[in-house]
Amino acid sequence: MKDFLNLNKTKFAINIVLFYLIISLLNLFFLFINSFGKSIVYEDSFTLLYDNKSNFYLWLFKHHNGHIISISKSITSFFNYISLNPTGYNISISIFILLIGIFIIYKIINVLIKDSNLKKFTFYYCVFLWISPFQWENLLWEFQIPWFLISFLVLLLTLINVLEFKNIVLNPKYKNLFFILSPIIAVLSSGQGICYVGCLFITFFIQKKKYKISFIGIPVSIFLFVFLRKDYDSNLDLNFINNIQYIFLMLNSTFKPSITSFNRESFIDWIIPTISTFIFNLILLKNSFFKQNISFWRKNLIKYVPLCIPIIYGMQFVILTSFSRNQFGIHQGVVSRYLTSLNLVPIGLIIISAYFFSKELEINHEKNLKSKYKLNKNFNFFIFSLAALLIINSSSIFKTITETKKIYTLRQQNFEKFINICKLNENEIIKDQELLEYHQNFKESFAVNIPPLPRAKFFGDFKKYVNSDLCELTVNYF
């Protein structure tokens, strides 16, 4: 009877996580439907449009704020070449990458964990984090394919490591091809691609294998990263205190307030998400790395490092972001767009925790068949506390999903108006009074700016934009 009650409690916790996972999947589905083929270019996305004036290849490999975004530019150019909306499918591609990532997460967990309940709980929670609605900036911005692509490469590398950890043979041709191409793709996607290169290097070093030709992807990607950014002057803030504060805030922002509360003045709205994430991290650390003693890690650290690739990637990202961005204020570390990379840290910690619990369950199973579903107190605390943290943040989750749709709709409507104004102004300059009336028709709210760039909220700047290359690009492409 006691075993039955424990099993029911476990299933209850699993179903709670499954509920929030389904809600997040529905968020992706509606965003996919609402964005598919729609004409929109939001802020930095104008960088993806080739002006037909400069050399194409110079434009393709030119960095944007230090980020080499050649992959995104190539995608936009390809759609334009086949006479489709150049940016209308970017969000769809991001969502497609997320959906494939779910399958990779399933494969990782299925290989590592045997117990069905533990497998379900781990899979549901990791997928919720992977598609988290709190990464709304990346989900509804057509410019952000690289964030999802690089994180997806991290998951693929983790799967390869997990398979080798379990002595499962992989096709060497496909594996070597992945090792050659993936670091180059990562670096040509965005700046955080260099963090993936670091993960791949660690994989090669730890496994102590001579990959010969496949290792060439690392030096080639590093060369591209340095050479294509040679004229970029980055200002790094190496102040120790500032960086510690910034890193602490970043790592404690897995849960966030709703989008309308997402600003530096809403301190009260950040209390529950920040405290929740802090507790969340403590629970994960306790049941992953702190679960074993120092002696265990001294003997087995090298063995388990390949399983920690998501954590290693996320921590590299956190540290590099702190150095380059904390000069803008420590509050900037909790922005939504960082979560896509940052969430790989808790995903990695959950997988490690579940793996150790799985080993304990196997030992219990060998000792006593009746104890197969008899979960110890630590495991009960683990699953119920993580499920409870989702419930505590329910309001933020539901509000964020609702507000994501509203924000995208407003952005799309604003860009349609901008297209019309640019077309009206194509042959003759619109008079100031008429242009002012058009300007007043735009809808502005948090995370929704008047196109094409944030300063367009000022009429003088908006007028300059209407008579600039940005309007010309808009007319040419849309």
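Each chain carries its own residue numbering, running from 1 in the direction its sequence is written. Only residues with pLDDT of 70 or above have their local features reported here, since the model is predicted, and side-chain atom pairs are shown and tallied only from 80 upward, although totals for entire chains, interfaces and linings are computed over all residues. To obtain the side-chain values, all non-hydrogen atoms of the structure were used and water was disregarded.

(A) Molecular detail of the overall build of the protein chain. Note on conventions: DSSP H or I runs of at least 4 residues are helices, E runs of at least 2 residues are strands, and numbering of each starts at the N terminus. Counting its regular elements, the protein chain contains 21 helices and two strands. Radius of gyration: C-alpha atoms only; globule rule: 2.2 Å multiplied by the number of residues to the exponent 0.38. For 478 residues, the compact-globule formula gives about 23 Å, and the C-alpha radius of gyration of the protein chain, at 24 Å, lands near that figure. In terms of overall dimensions, the protein chain has C-alpha extents of about 85 × 50 × 45 Å along its principal axes. Taking all 478 residues of the protein chain together, the buried fraction comes to 55%. Nonlocal contacts in the protein chain, meaning residues at least 24 apart in sequence, comprise 79% of its contacts between residues at least 6 apart. Taken as a whole, the protein chain presents about 22,500 Å² of accessible surface, with 64% of it coming from carbon and sulfur. When charges are tallied, Lys and Arg are placed among the positive residues and Asp and Glu among the negative ones, while His and the ends of the chain are skipped. Every charge is mapped to an atom, namely NZ of Lys, CZ of Arg, CG of Asp or CD of Glu. With 47 positive and 27 negative side-chain charges, the protein chain shows a separation of 17 Å between the mean positions of the two kinds. Each residue gets one of three labels from its accessible area relative to the maximum for its type: buried under 20%, exposed over 50%, partly exposed in between, using a 1.4 Å probe on protein chains only. It only takes one pair of heavy atoms within 4.5 Å for two residues to be counted as in contact. For the area figures, the Shrake-Rupley method with a 1.4 Å probe applies, and any residue is considered shielded solely by the protein chains shown.

(B) A look at a nonpolar patch on the surface. On the surface, F248, I268, I271, I272, I275, F278, I279, L282 and I392 cluster together into a nonpolar patch covering about 860 Å² of accessible area. Counting residues per element, the nonpolar patch draws most heavily on helix α12 (residues 267-287), which supplies seven residues. Of note, I275 is situated in helix α12. Overall, the relative accessible area of 47% leaves I275 in the partly exposed class. A residue counts toward a patch only above 30% relative accessible area and without a salt bridge, and it is joined to like-charged neighbours within 9 Å or, for Val, Leu, Ile, Met, Phe, Trp and Tyr, to nonpolar neighbours within 5 Å. Criterion for a salt bridge: a side-chain nitrogen of Lys or Arg within 4 Å of a carboxyl oxygen of Asp or Glu.

(C) Here's a closer look at the packing of aromatic side chains. By convention, a stacked pair of Phe, Tyr or Trp rings (six-membered ring in the case of Trp) has centres within 6.5 Å and planes under 30 degrees apart, an edge-to-face pair has planes over 60 apart, and any other such pair is tilted. Inspection of every chain in the model, using the stated rule, returns 48 aromatic pairs. Aromatic pair F255 and F280: ring centres 5.6 Å apart, planes at 75°, arrangement edge-to-face. Of this pair, F255 sits in the loop between α11 (240-251) and α12 while F280 sits in helix α12, and the two are 25 residues apart along the sequence. By relative accessible area, which is 1% here, F255 ends up buried. Across the ring face of W59, the terminal group of K73 is positioned such that the distance to the ring centre comes to 5.0 Å. Whether a charge sits over a ring comes down to the Lys NZ or Arg CZ being within 6 Å of the ring centre and within 35 degrees of the ring normal. Over the ring of Y338 we find R337, and its NZ or CZ is 5.4 Å from the ring centre.

(D) The nonpolar core, seen in detail. Each nonpolar core is a collection of buried residues, namely Ala, Val, Leu, Ile, Met, Phe, Trp, Tyr and Cys, held together in the definition by side-chain atoms within 4.5 Å. Judged by nonpolar contacts, the single largest core of 147 residues is most densely connected at Y125, W130 and Y196. Tallying contributions element by element places helix α7 (residues 145-165) first for this core, with 15 residues. If we ignore the near neighbours within four places in the chain, the residues touching Y125 are V17, F255, F280, I350, L386, A387, L389 and L390. By size, the runner-up hydrophobic cluster in this structure holds five residues, among which are Y42, L48, I69 and W141.

(E) Spotlight on helix α17 (residues 377-392). Each residue after the first adds 1.5 Å to the expected span of a helix. Relative to the 22 Å expected for 16 residues at 1.5 Å per residue, α17 spans 22 Å between its end C-alpha atoms, a close match to the ideal helical length. Three or more residues of α17 are buried, namely F379, N380, F382, I383, S385, L386, A387, L389 and L390.

(F) Region of the structure containing helix α14 (residues 309-325). Taking 1.5 Å of rise per residue, 17 residues should cover 24 Å, and α14 covers 24 Å from first to last C-alpha, within 8% of that figure. Within α14 the residues assigned to the buried category are I309, P310, I311, Y313, G314, F317, V318, T321 and S322.

(G) Examining a positive patch on the surface more closely. On the surface, K114, K166, K303 and K359 cluster together to form a positively charged patch. Residue position: K114 is located in the loop between α4 (90-112) and α5 (116-130). For K114, a relative accessible area of 60% corresponds to the exposed category.

(H) Summary view of the state of the cysteines. The term disulfide is used for any two cysteine sulfur atoms that are within 2.5 Å. This structure, assessed with the given rule, holds one disulfide. Each disulfide pairs two cysteine sulfurs, and for C422 the partner residue is C471, the sulfurs being separated by 1.8 Å. With the S-S bond torsion at -100°, the cross-link from C422 to C471 turns out left-handed. Of this pair, C422 sits in helix α18 (residues 394-424) while C471 sits in helix α21 (residues 469-477); the two residues are 49 residues apart in sequence, bridging distant segments of the chain. Classification of C471 as buried rests on a relative accessible area of 4%. The structure places no disulfide on C126, whose sulfur is separated from the nearest cysteine sulfur, that of C308, by 13 Å. Not engaged in a disulfide, the cysteine C199 finds its nearest cysteine sulfur in C195; these two sulfurs lie 7.4 Å apart. Using a relative accessible area of 0% as the deciding quantity, one classes C199 as buried.

(I) How the structure looks around the pattern of salt bridges. By the definition in use, this model includes seven salt bridges. Across the pair E137 and R337 runs a salt bridge whose closest N-O atoms are separated by 3.1 Å. Of this pair, E137 sits in helix α6 (residues 136-139) while R337 sits in the loop between α14 and α15 (339-342), and the two are 200 residues apart along the sequence. Each member of the pair, E137 as well as R337, is classed as buried. Note that K463 and D432 form a salt bridge whose closest N and O atoms lie 2.9 Å from each other. One end of the pair, K463, is in helix α20 (residues 459-466); the other, D432, is in helix α19 (residues 432-440), with 31 residues separating them in the sequence.

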